[in-house]
Amino acid sequence: MTSVHSRLRCSTSSGSAAHLGLWVCLFLLCSARVDAAPVRFALIDHVTSAPQQPDGLVAAQGDVVGLPDAWPRSHPGFTGTIWYRASLMLASAPPTEPLGIYIRRACTHLDVRLNLVVVESDNFGDEAAPAGCSRPRLIMLPSAALHTGDNVLDVSVTGTALRRLTSVQDAAGLSSIEVGDGSELVVSHLFELVVEPLLIGAERIGLVGLGFVLLTMGWLRQRETQYLYLGALCLLWAAVSLSWWARYLPSNETASALLQGSVWSLLLALAVQFSLRLVRLRSKQLEALLCLQVVLMPATLWLAGPDRLFSAAKVWYVLFALELAWAQWIVLLTTARERPRALKLLSLIAYLIVLCGVIELGRQLQYLSPADGHATQLIAPLLIFAFGVRLILRFNRSLQTIETDREYLVRQLQGLAVDVETRAERMAQERANLMRENERKRIASDLHDDLGAKLLTIAHTSDVATIPDLAREALDEMRLAVRGMTGKPVNLADALGDWRAEIVGRLGQAQIAGIWEDQGARIPHVLSARVFMQLTRILREAVSNVIKHSAASRCKVRWEIEEGTLRMAVRDDGKGIGEELRGGQGVSSMKVRAKRINGQCLVESRPGHGVEVSLTVPLD
Amino acid sequence: LGNIVANILLLEDLPESSVWMKVQVAQIFPDAVFLEAPRLSRALSVIAKHRIDFALIDLGLPDGSGVDAVSALRELQPAAQAVVVTIHDDDDHLFPALQAGAFGYLLKDRAGAVIVDQLRRMSQGEPPLSPAIARRIMTHFASSNRRSPDHMPRVVLSDRENEVLLWVGKGYTLPEIAVQLKLSRHTVSDYVKQIYRKLNVSSRAEAALEAQRLGLFGRTGHAPLYAH
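Just so we're clear, the structure is a prediction, and the values are computed from it rather than from any experiment.

> Would you mind going over a nonpolar patch on the surface with me for this structure?
All names here are of chain A. Taken together, the side chains of Leu 190, Phe 191, Val 195 and Leu 199 present a nonpolar region at the surface, about 300 Å² in accessible area. Positionally, Leu 199 belongs in helix H5 (residues 190-220). Note on Leu 199: relative accessible area 39%, which makes it partly exposed.

Structure (structure tokens):
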């Protein structure tokens, strides 16, 4: 136990760094309470109290006052130290379990003595270190200092008059004091002693983290300033709450008050700006006014002087509350107009914000006691949190939208690229085709103009009977060659039409009745340019032979398509040819041409029974 | 035309061919007056100055295409019959001339007898029409009607005209078609003449439409259309 005591000593003297040690000790105490010790518990709500004179003396006999004692009521305008004395009566010997006292609020500096032995002191050296008023204290009473019978508990509180402060939270005073078993006290005030600091600490850490995240996001998206405002709000709030809990504020009370005041005006400016930016409202004048206010508020406080700080601050607080309410009203109006779906949630949030503001205002105007609505300190950061999380979610959603859009665009672009590629390919192909076509036309035109003209002149001027015919045949051959140059496939039906017109016409001019049969015209086949040319030549040769040599009166040309084979038969009723002509040049050239297109050409004849030229060609 | 004195324009750059052609033509039109032009420019000025009943126009000329002479003739003397005389038998060469208003075509290198026969038929109002040209005309009408806007009056071939084209495309001669369709040769020839005329009108309408599309004329500036 002695070691615990010494640790307590240590903790009380070395501030927040040792707090953890204290809490660990208290928990050790709780868990060490193996044998159920009797619970001793007492509430000190009346003490004798006397102010300490400037020379350090305290009147031996003070007035009896009730606790809690709020100086603004009991000692308005007093700045200094007041001593409170209570007596603890121990009926039996000091218990082995250490006793403790619990003080909910002692503002701003506390000094505790048991039987004139200092057990807790905020005052180190000459300089009074400002302490957090809201910090609850659990002070262990060393067993050695206790004795059976009457024990004297002296509590001194050093504080500042409210009029010299800017916040009622810092108003001096002492709450009631609970005395009892140390571990029992810890258990009964677990929330104030452990949970609340932990919550506020967690909140503060969360706010700092969120603040940095929001600031980063704001930096990334500089057009959306609401991130910056909320981020700054988070960090500033965390800093403010840190100052409430810090043991060390600026030693000069006025400077500290001024600082706090300006921080409040800055917080308000950020909150208003954020609210308006959230619904995409912006006003240069308003921004200028808010900036002016941030400067003006500490200035007016300074001008008011140390003794009228609080009165001046109160006016500002009312103004702040009005501004906050106005901003929320504007937000609600805009939301109702533009996004009615989000109205419910935003009205709830706005209501909570205004409620916090009103409670805070009530505390400052002393309609509510400083302890009332303590939860606003928890709720306000939670609201900021909610906004922050919402903003981050929205940011994330817009990122996802951008990502989806980007993917869509990439897909579109890829599609376009493929499209452009195929188009370019097709255009190149078309260009190549066009060039080929132009080249072909040029060659065809050259052939016609030069060779054709010469052949024509021969045909038109020659007196020798066979020469014009030969020239015409050469011209026909030339035309066929030009046509073949395209390399374009020919529909079988079209080819049959062309052949029919030519052959029937020629036979007619030779006074031979031409009979043409082609059921093949109904069958959609395509001939390659090469096959078309060779077929044309074979057909022409066969018919020329009929016209020149057969002396026939009828000639029948029949076309058939069977199982992928094209069959042609040219039959006349002329005089026929003998064996000796069958190997003639015309006949052999037909056979050679047929072979070139994988076909077969047969010439059959019996004298007096005409000739039949039959050709079979596979169609691919 | 018959045997009345006719003014015949002969646009031919080869002197031998020109002489030979005159011999053939004279067999049909013994009293014909020949207005000879070895160049396109000369032919155009002849067209501008003289009445022409019949024109034999070579397509490949040193200073241009005979198609321009056909167009000029169609424009200035619609009553004149223009016949293209060429050694190009392919429809790529012939079709533009037919669109420009040529009434038919002759292949220069054909035997004199054939040429005379064809000239006689043409003089009797029976223009020649090859299967390839017939198919090309069918394609032209099919696609031009697909292309032309709905509010424009269309040049459409009648069923009979289409039927004639179909048969010609299969290689049937006009007399054969007359037998097939149980019509007189004269009627079939009339259909062919009508087809040529509609081809010309439709092509001019298309050209006007194309010009309008390119902004060459105002909206009302299209050529009068031939409606069936």
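After that view, the rundown keeps rolling.
> In this structure, what is going on with empty space enclosed by the protein? I would like to understand it.
A probe as big as a water molecule, rolled over the atoms, marks out the empty space that is left. Inspection of every chain in the model, using the stated rule, returns seven cavities of 30 Å³ or more. The class makeup of the residues in the lining of the largest cavity is 20 nonpolar, six polar and one charged.

> Would you take a moment to explain the packing of helix H13 (residues 492-509) of chain A against helix H14 (residues 529-550) of chain A for this structure?
The packing of two helices is summarised by the inter-axis angle and the distance between the axes. All names here are of chain A. Two elements in contact, H13 and H14, have axes whose closest approach is 11 Å; the angle formed by their N-to-C orientations is 15°. With respect to H14, the axis of H13 lies roughly parallel. Every pair of crossing elements has a handedness; the one defined by H13 and H14 is right-handed. Residues Ala 495, Trp 499, Glu 502, Ile 503, Arg 506 and Leu 507 of H13 lie in contact with H14, whose contacting residues are Phe 532, Leu 535, Thr 536, Leu 539, Arg 540, Val 543, Ser 544 and Ile 547. Residue composition of the contact of H13 with H14, grouped by class: nine nonpolar, two polar and three charged.

> What should I look at first to understand the sheet that holds strand E20 (residues 611-618) of chain A in this one?
Whenever strands of a sheet pair, they do so through backbone hydrogen bonds, lying parallel or antiparallel. All names here are of chain A. The five strands lie next to each other as E15-E17-E18-E20-E19, forming an open sheet whose pairing is mixed. The open sheet has two edge strands with one neighbour each: strand E15 (513-518) and strand E19 (600-605). Here the strands of the sheet are splayed against their neighbours by 10° on average, with no regard to which way each runs. Bridge count for strand E18 (residues 565-572) against E20 is seven bridges, and the pairing is antiparallel. Note on E20: the bridge partner recorded for Met 568 is Leu 615.

> Teacher, can you tell me more about the interface of chain A and chain B here?
A common way to report how large an interface is uses the accessible area buried once the components associate. Counting residues at the interface gives 21 residues for chain A and 24 residues for chain B. When the buried area of chain A at its contact with chain B is split by residue, A:His460, A:Arg479 and A:Arg500 rank highest and sum to 31% of it. Applying the counting rule to chain A against chain B returns five salt bridges. Here A:Asp494 ties to B:Arg135 by a salt bridge, and the two come within 3.2 Å at their closest N and O atoms. Of all the secondary-structure elements, those providing two or more residues to the side of chain A that touches chain B are helix H11 (376-461), helix H12 (466-485) and H13 of chain A.

> How do you make sense of the packing of aromatic side chains when you look at a structure like this?
The description of an aromatic ring pair rests on the distance of the ring centres and on the angle between the ring planes. Tallying each qualifying case throughout the model produces 12 aromatic pairs over all chains. Seen from their ring centres, A:Trp499 and A:Phe532 are 5.6 Å apart, and the 10° between their planes marks the pair as stacked. Of this pair, A:Trp499 sits in helix H13 while A:Phe532 sits in helix H14, and the two are 33 residues apart along the sequence. A:Trp499 sits in the buried class, given a relative accessible area of 2%. On the accessibility criterion, A:Phe532 (4% relative accessible area) is buried. Judged by centre distance (4.8 Å) and plane angle (75°), the rings of B:Trp167 and B:Tyr172 are edge-to-face. Considered together, B:Trp167 and B:Tyr172 belong to a single accessibility category, that of buried residues. Among the aromatic residues, ring-to-ring pairing joins A:Trp499, A:Trp516, A:Phe532 and A:Trp559 into one connected group.

> Could you clarify how one ought to interpret the sheet that holds strand E4 (residues 69-70) of chain A in this entry?
Residues and elements named next belong to chain A. Spatially, E4-E12-E7 is the arrangement adopted by the three strands of the open sheet, whose pairing is antiparallel. Where the open sheet ends on each side, the last strands, each with one partner, are E4 and strand E7 (106-107). As paired strands, E4 and strand E12 (residues 173-174) are joined by two bridges and run antiparallel to one another. Following the sheet pairing, Asp 69 is matched in E12 by Leu 174.

> Before we go on, may I ask you to explain the nonpolar core in this structure?
Residue and element names in this part refer to chain A. In terms of nonpolar packing, the biggest core is built from 54 residues, with Leu 214, Leu 230, Leu 267, Leu 301 and Phe 387 touching the most fellow members. Taken together, the elements giving at least two residues each to this core come down to H5, helix H6 (226-245), helix H7 (253-278), helix H8 (284-304), helix H9 (309-338), helix H10 (343-364) and H11. The element best represented in this core is H7, accounting for 12 residues. Ignoring anything within four residues of it in the chain, the contact list for Leu 230 reads Leu 214, Phe 274, Ile 384, Phe 387, Gly 388 and Leu 391.

> Is there a simple way to think about the pattern of salt bridges in this case?
Any two side chains of opposite charge can pair if their charged atoms end up close together. Applying the stated rule across the entire model yields 35 salt bridges over all chains. In this structure, the salt-bridge partner of A:Asp469 is A:Arg472, at a minimum N-O distance of 3.5 Å. Here A:Asp469 pairs with A:Arg472, and both are found in helix H12, just three residues apart, close to one helical turn. Given a relative accessible area of 11%, A:Arg472 falls into the buried group. Several salt bridges converge on common partners, so that one network encompasses A:Asp476, A:Arg479, B:Asp109 and B:Arg110.

> What is the right way to read the side chain of A:Asp518 from this model?
All names here are of chain A. Structurally, the position occupied by Asp 518 is in strand E15. For Asp 518, which is buried and forms no salt bridge, the nearest opposite charge comes from Arg 500, at a distance of 5.7 Å. Apart from the residues lying within four places of it in its own chain, the contact partners of Asp 518 are Leu 496 and Trp 559.

> Is there a simple way to explain the confidence of the model for chain A in this structure?
Low-confidence regions, as indicated by low pLDDT, have predicted coordinates that should not be scrutinised in detail. Residues and elements named next belong to chain A. Counting all residues, the mean pLDDT for chain A is 78, and 84% of those residues have values of 70 or more. Per-residue pLDDT stays below 50 along residues 1-40; that stretch engages in 46 contacts with residues further than four places along the chain or on separate chains. Below a pLDDT of 50 lies the segment residues 125-129, which in the model reaches seven contacts outside its immediate sequence neighbourhood of four places, other chains included.

> Even after reading the chapter, I still don't get the side chain of A:Asp69, so can you show me in this structure?
All names here are of chain A. Position of Asp 69 among the secondary structure elements: in strand E4. Of the residues examined, Asp 69 reaches a relative accessible area of 5% and is grouped as buried. Here Ser 74 takes part through its side chain, which lies 2.5 Å from a polar atom of the side chain of Asp 69. Contact partners of Asp 69, with chain neighbours within four places excluded, come to Ser 74, His 75, Tyr 84, Gly 173 and Leu 174.

Parameters and conventions
Residues numbered from 1 in each chain as written. Chains lettered and ligands numbered in written order. Predicted model: local features only at pLDDT ≥ 70, side-chain atom pairs only at ≥ 80, totals over all residues. Heavy atoms only, no water. Patch = residues over 30% accessible without salt bridge, like charges linked within 9 Å, V, L, I, M, F, W, Y side chains within 5 Å. Areas by Shrake-Rupley, 256 points an atom, 1.4 Å probe, with all protein chains shown as cover. Salt bridge = Lys/Arg side-chain N within 4 Å of Asp/Glu carboxyl O. Helix = DSSP H or I, 4+ residues; strand = E, 2+ residues; numbered from the N terminus. Buried < 20%, exposed > 50% of the residue type's maximum accessible area, 1.4 Å probe, protein only. 1 Å grid on protein atoms, 1.4 Å probe; cavity = no way out; pocket = protein on both sides within 12 Å on 5 of 7 lines; lining within 4 Å. Points joined across faces, edges and corners; volume = space filled by probe spheres on them. Nonpolar A, V, L, I, M, F, W, Y, C, P; charged D, E, K, R; others polar. Axes fitted to C-alpha atoms, helices over the stretch in contact; angles between N-to-C directions. Parallel < 35°, antiparallel > 145°, perpendicular 65-115°, else oblique. Left-handed = near helix turned anticlockwise from the far one by under 90°. Contact = heavy atoms within 4.5 Å. Pairing = 2+ DSSP bridges. Buried area = accessible area lost by both parts, 1.4 Å probe. Phe/Tyr/Trp six-rings, centres within 6.5 Å; stacked < 30°, edge-to-face > 60°. Core = buried A, V, L, I, M, F, W, Y, C linked by side-chain atoms within 4.5 Å. Lys, Arg positive; Asp, Glu negative; His and termini not counted. pLDDT = per-residue confidence, 0-100. Polar contact = N/O pair within 3.5 Å; in protein donor to acceptor, adjacent residues only side chain to side chain.

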